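# Analysis of the macromolecular model
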Amino acid sequence: MKRATIRTSHDRPELVAAALVPDNTDEMSTRVTDSGVETTIERDSTGGLRTTADDYVTNLTVAQQLIDTTTQS
């Protein structure tokens, strides 16, 4: 089993995590930490891990952009 953990810092990590969790597969777990969001991905192959991580980072980018746009004062 291949594993990667992605840790990112955010001003509002609970919103980012809430936006990401619905797109998680069974091989992924996301949690809020003191400083941000931590997602662990486990896959059987390196190629599968890479593809899932790439999809996750894309979803993360979109989630952060939407949060930035909708929470501006």
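About the cut-offs
- Counting from 1, residues in each chain are numbered in the order their sequence is written.
- It should be noted that, the model being predicted, local features are given only for residues of pLDDT at least 70 and side-chain atom pairs only at 80 or more, the latter also being counted only at that level, while totals for whole chains, interfaces and linings use all residues.
- The basis for every side-chain value is the complete set of heavy atoms in the structure, and neither hydrogens nor water enter the calculation.
- Numbering of helices and strands runs from the N terminus; a helix is a DSSP stretch of H or I covering at least four residues, while a strand is a stretch of E covering at least two.
- Residue exposure (1.4 Å probe, protein chains only): buried if accessible area is under 20% of the type maximum, exposed if over 50%, otherwise partly exposed.
- Think of a polar contact as two N or O atoms within 3.5 Å of one another; within protein, one of them needs to be a possible hydrogen donor and the other a possible acceptor, and neighboring residues in sequence only count if both atoms come from side chains.
- We call two residues in contact whenever any of their non-hydrogen atoms come within 4.5 Å of each other.
- What is meant by a nonpolar core is a set of buried Ala, Val, Leu, Ile, Met, Phe, Trp, Tyr and Cys residues, joined one to another through side-chain atoms within 4.5 Å.

Attention now moves to the side chain of Thr40. Structurally, Thr40 can be placed in strand 3 (residues 36-43). Owing to a relative accessible area of 17%, Thr40 belongs among the buried residues under this scheme. Among the polar contacts made by the side chain of Thr40, one reaches the side chain of Thr5 at a distance of 3.2 Å. Contacts of Thr40, omitting those with residues within four sequence positions, involve Arg3, Ala4, Thr5, Glu27, Met28 and Ser29.

Membership of the largest hydrophobic core comes to 13 residues, with the highest contact counts inside it found for Ile6, Val16, Leu20, Val37, Ile41, Tyr56 and Leu60. Counting residues per element, the ones that place at least two in this core are helix 1 (13-20), strand 3 and helix 2 (46-70). Residue contributions to this core peak at 6 residues, all from helix 2. The contacts of Val37, once residues within four sequence positions are left out, are Ile6, Arg7, Thr8, His10, Pro13, Val16, Ala17, Leu20, Thr30, Arg31 and Tyr56.

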